[in-house]
Amino acid sequence: MGIEITGVSKRFGDFVALDDVSLSIPSGQLTALLGPSGGGKSTLLRIVAGLESSDEGQVVIEGRDTTGVPAQKRNVGFVFQHYAAFKHMTVAKNVAFGLEIRKRPKAEVKAKVDELLELVHLTQFAHRLPSQLSGGQRQRMALARALAIEPSVLLLDEPFGALDAKVRKELRDWLRRLHDEVHVTTVFVTHDQEEALEVADSLVVINDGRIEQVGTPDDLYDKPASDFVLSFLGPVTTLGDRLIRPHDIEISRYEQAAVVDGPITRWTRVGFEVRLEVTPTDPRHPDPVQVVLTRSDATALGLHPGDRVWLRPQSGADTVVPA
Amino acid sequence: MTTLAPTDPGTARQRRSRASSSLTRGSAIGLGLTLTWFSLLVLIPLALVVVSAAEGGWQTFADTLRNPQTAAALRLTVTQSLLVTLVNVVMGTLIAWVLVRDSFPGKALLEVVIDIPFALPTIVAGLVLLSLYGPQSPIGIDVANTEASVFLALLFVTLPFVVRTVQPVLIELDRDVEEAAASLGASRFTTFRRVLLPALTPAITAGAALSFARGISEYGSLVLLSGNLPLKTEVASVRILTYIENGNEAAAAAVATILLVVALLAITVLQLVSRAVARRG
Amino acid sequence: MASRTRAPRTAGTYVRRTVVAVYLFLLVVWPVALVVRHTFDGGTANLEAALTDPVVTTALRLTVVVAVWAVVINTVFGVAISILLVRHEFRGRRVLSALIDLPLSVSPVVVGLALLLAYGGANGALGPTVEGLGLQIAFATPGIVMATAFVALPLVIREVVPVLEEVGTEQEQAARSLGAGGWQTFRRITLPSIKWALVYGVVLSLARSLGEFGAVKIISGNLIGQTQTATLVVEQKYQDFEQGSAYATSFLLALIAVAALVVVTVLRPKEDPDGD
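This text gives an overview of the structure that appears in the document. (Residues numbered from 1 in each chain as written. Chains lettered and ligands numbered in written order. Predicted model: local features only at pLDDT ≥ 70, side-chain atom pairs only at ≥ 80, totals over all residues. Heavy atoms only, no water.)

1. Looking at a negative patch on the surface
Move 1: Taken together, the side chains of Asp218(A), Asp219(A), Asp222(A) and Asp318(A) make up a negatively charged region of the molecular surface.
Move 2: Examined against the element boundaries, Asp222(A) turns out to sit in helix 7 (residues 217-222). (Patch = residues over 30% accessible without salt bridge, like charges linked within 9 Å, V, L, I, M, F, W, Y side chains within 5 Å. Areas by Shrake-Rupley, 256 points an atom, 1.4 Å probe, with all protein chains shown as cover. Salt bridge = Lys/Arg side-chain N within 4 Å of Asp/Glu carboxyl O. Lys, Arg positive; Asp, Glu negative; His and termini not counted. Charge placed at Lys NZ, Arg CZ, Asp CG, Glu CD. Helix = DSSP H or I, 4+ residues; strand = E, 2+ residues; numbered from the N terminus.)

2. Quick look at the packing of helix 4 (residues 68-101) of chain B against helix 12 (residues 236-245) of chain B
Geometrically, a packed helix pair is captured by the angle between its two axes and the distance between the axes.
Residues and elements named next belong to chain B.
Move 1: For the pair helix 4 and helix 12, interaxial distance at closest approach is 8 Å and the crossing angle is 150°. Judged by the inter-axis angle, helix 4 sits roughly antiparallel to helix 12. Of the residues in helix 12, those touching helix 4 at Gln69, Thr70, Ala73, Leu74 and Thr77 are Ala236, Arg239 and Tyr243.
Move 2: By residue class, the composition of the contact of helix 4 with helix 12 is four nonpolar, three polar and one charged. (Axes fitted to C-alpha atoms, helices over the stretch in contact; angles between N-to-C directions. Parallel < 35°, antiparallel > 145°, perpendicular 65-115°, else oblique. Contact = heavy atoms within 4.5 Å. Nonpolar A, V, L, I, M, F, W, Y, C, P; charged D, E, K, R; others polar.)

3. A look at the sheet that holds strand 8 (residues 185-190) of chain A
Residue and element names in this part refer to chain A.
Move 1: Here we have six strands laid out as an open sheet, ordered 6-7-8-3-9-10, and mixed in their pairing. Every other strand in the sheet has two partners, leaving strand 6 (76-79) and strand 10 (210-215) as the edge strands with one partner each. Each neighbouring strand pair of the sheet contributes to a mean axis angle of 15°, computed without reference to strand direction.
Move 2: With five bridges connecting them, strand 3 (residues 30-34) and strand 8 associate as parallel partners. Within strand 8, the residue paired with alanine 32 across the bridge is phenylalanine 188.
Move 3: In this fold helix 1 (residues 41-49) packs onto strand 3, strand 6, strand 7 (153-157), strand 8 and strand 9 (202-207), with an angle of close to 145° to the strand it touches most, strand 7.
Move 4: In the packing of helix 4 (residues 135-148) onto the sheet, contacts are made with strand 6 and strand 7, and the angle to strand 6 comes to roughly 170°. (Pairing = 2+ DSSP bridges.)

4. Brief notes about the interface of chain A and chain C
Move 1: Contacts between the two partners involve 27 residues from chain A and, on the opposite side, 20 residues from chain C.
Move 2: Summed over both partners, the interface of chain A with chain C comes to about 2,100 Å²; 55% of that surface belongs to carbon and sulfur atoms.
Move 3: It is Gln72(A), Lys87(A) and Ile101(A) in chain A that bury the most area against chain C; as a group they hold 28% of the surface buried on that side.
Move 4: For the interface between chain A and chain C, the tally reads one salt bridge.
Move 5: The salt bridge involving Arg188(C) is made with Glu100(A); its shortest N-O contact spans 2.8 Å.
Move 6: For the interface between chain A and chain C, the tally reads six residue pairs in polar contact (both at pLDDT 80 or more).
Move 7: Where the side of chain A that touches chain C is concerned, the elements lending two or more residues are strand 6, helix 2 (91-101) and helix 4 of chain A.
Move 8: Considering every element that reaches the side of chain A that touches chain C, the biggest residue donor is helix 2 of chain A, with four residues.
Move 9: Its residues assigned to classes, the side of chain A that touches chain C comprises 14 nonpolar, six polar and seven charged. (Buried area = accessible area lost by both parts, 1.4 Å probe. Polar contact = N/O pair within 3.5 Å; in protein donor to acceptor, adjacent residues only side chain to side chain.)

5. A closer look at the interface of chain C and chain B
One frequent convention defines the size of an interface as the accessible area lost when the parts assemble.
Move 1: Taken together, the 97 residues of chain C in the interface contact 104 residues of chain B.
Move 2: Both sides of the chain C and chain B interface together cover about 9,300 Å² of buried area, and 70% of this is carbon and sulfur.
Move 3: Sorting the residues of chain C by area buried against chain B places Tyr23(C), Arg94(C) and Arg158(C) first, and these three jointly supply 7% of that buried surface.
Move 4: One can count one salt bridge joining chain C with chain B.
Move 5: Note that Asp102(B) is salt-bridged to Arg17(C), the shortest N-O span being 2.7 Å.
Move 6: Counting the contacts that link chain C with chain B gives seven residue pairs in polar contact (both at pLDDT 80 or more).

6. Considerations on the pattern of salt bridges
Move 1: Tallying each qualifying case throughout the model produces 36 salt bridges over all chains.
Move 2: Arg172(A) is paired through a salt bridge with Glu198(A); the nearest N and O atoms lie 3.2 Å apart. Separated by 26 residues along the polypeptide, Arg172(A) in helix 5 (residues 165-182) and Glu198(A) in helix 6 (residues 193-199) bring together distant segments of the chain.
Move 3: We note a salt bridge from Arg164(B) to Asp115(B), for which the minimum N-O separation is 3.3 Å. One end of the pair, Arg164(B), is in helix 8 (residues 159-172); the other, Asp115(B), is in helix 5 (residues 107-119), with 49 residues separating them in the sequence. Asp115(B) shares its class with Arg164(B); the two are buried.
Move 4: Each of Lys169(A), Arg172(A), Asp173(A), Asp192(A), Glu194(A), Glu195(A) and Glu198(A) takes part in salt bridges that share partners, so that together they form one network. (Buried < 20%, exposed > 50% of the residue type's maximum accessible area, 1.4 Å probe, protein only.)

7. Remarks on helix 4 of chain B
Residue and element names in this part refer to chain B.
Move 1: The terminal C-alpha atoms of helix 4, which comprises 34 residues, lie 48 Å apart, in line with the 50 Å expected from a rise of 1.5 Å per residue.
Move 2: Residue asparagine 88 marks the point of greatest curvature in helix 4, where the axis turns by about 25°.
Move 3: The distance from a side-chain oxygen at the start of helix 4 to the backbone nitrogen of glutamine 69 is 2.8 Å, and the residue carrying that oxygen is asparagine 67. (Expected span 1.5 Å × (residues − 1). Bend = angle between axes of the 7 residues up to and from the residue.)

Shown next as structure tokens:
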């Protein structure tokens, strides 16, 4: 059940947006489609919603083949990056729209709208126009509007992309809690790896119209299937001939069995972190290596700018050979 | 405010604003119906003008244009339209400037005044001008039945075009750029010439094209004012009407074809300008 | 949006302001004011005479009927073609969008000639066929409606197209995803968002339709009391030295045109109420 995507391809002229994508999204989960912009993740979401048609392939939602079914008959909740608020309608009317289209009795519509506005904390804004709301409030309204039709799946296209950092963080936590309450199968698109890692039950990394890897946040962070996934999910540096996360490097002032050694050529303090750059003496690896450690560790190790240090992967750290 | 900028759907926003690239069945039927109506109303009749000009043969066409009265009418129409367009380029830009950059009591009234020539029936426009610049002029200026009356009438009816194309561009123009130019040491005139004018040129060109096209095709405002004196104040439109009234449809179509070609040239200029602007972002 | 700060006023500011004010006063304001004054030269006598003259009243009635028809046709057609041009991709879309502007630059006399060549009863290309079906176009009301619809055709489209582009498709897509069909989406989402542009386009079309002269003169045959519209009456009355009637009829036409302009200028929201 959930969403079954089989062999979906989509082209825009010469540009291949999706290339034979197959994916199974389990019921009741919060799934993130993660990838760089232009990678095809939004296109995939819009194909699931019926807002775009695929050139090939099949999408089955909760056991129902949606091929050829127009968007308005799919019962899919869709939330747009720029809210797509109906500007001429009040907040309550926006939320009621889908129910009115379905010709539900007035009392039922009102009860449902009240309940949803409560859920998204917009009760006191029911009679305002969208233009009188902040971005975060508009997006909560859009979410309530999508949930009103009791969709079989909820799709969100970069839902927090247009909001500033603080509101984005709040809404992110709130979406997670909301999902724990309503449990509708939810898929959201994002290019922000932190957002995906923090909120989603499972992640789908999409790049160049293909799926790079599917798994839980831990799977992907710790066992990246490719150097693309590794580098997309967090900072990465080259140690010798392998890719590694900068905080997975063991650093020592004393000579030891090491991959590279050299002087600390750059020293930046950011809050509780210290970021170092070590320029290897070995001419075969001329690129500086980034190392991250906590300030207390740096003090305990007695490190100073200019010191010669020896670097190797910490035991148990994952490294990837670049493609 | 009248929007007179060229209609060009789908430039920068093309990808976002177009839902589907192909037509659904409903919209295909809609397209068919609207195209049929558009053809019946506009395309077929206009094509017939060209066809009947061609049917008369090249000889009729050439003879018509060599007719001294027709040649004089065409010459007068083009000359006066060019002159009026020139005045509009200067005055229209100036008026747009004052409307956007200046503020004073009664400015809102000026906005309405600009649109009056556009809204006023052309025959009324002629009568209006006649009341100040005709035989009973309270200031003693009587241009009725002279070449100047053609100039005056065209000036009146084409007033909004340059103003209304330049105004929105001027509103959108960032003051920062001018301030940057000034901070780099440019004088006000240099700033205008090197920074503002290039930005306004497409809009001025578009306004000038509309203004010229309107001037070439004007008829109603001239009827009462110019006296339609052959070889003196008779314009191309009046010439066509005379041919129609004399039952010489081939000759009427020949002159009309020339006006049509000029109109087509004008909208081509508009399209090219709007595309160039779209490319520049 | 440009910043609202204004450059300091210099002598040039006042020179420019004066030049513009004098120019517009001499070209538009004073002449229009004189027509109003001439209309009321003998009190309301001119207006009363005009409004009791059956030639004038018949013409005014015909003008209103024709204008209403032309506006309705251009509104329906204009909205349909605007949506097709902005929301759909088809071959020849660019050419069509350019041709839409053509009626703005074609001489009314050419319009009249073109319609006559197509729908003239005796030797028009389509005229005899259409007349065989029992519909007389040239020298009758349908012809006047067509001529009027022709000259005012781009006005609705030119107002609606930019707004349709500006609002984008997201709201329409949202409506679809919430279950709205094509017609429901149009009526509940698209139409409200182009409402003001449409009102403005309709008013401009109405003003233009009431005032068309050249094209109507040719296609109508200018038959007094039958196919003569208000603008044609102005010409005839003036040439017949009934200047009082000419001024009064002009005044009425100008009044409607200017009133329409003012109403719309006041009605239209200055800017998109939405901040983004």
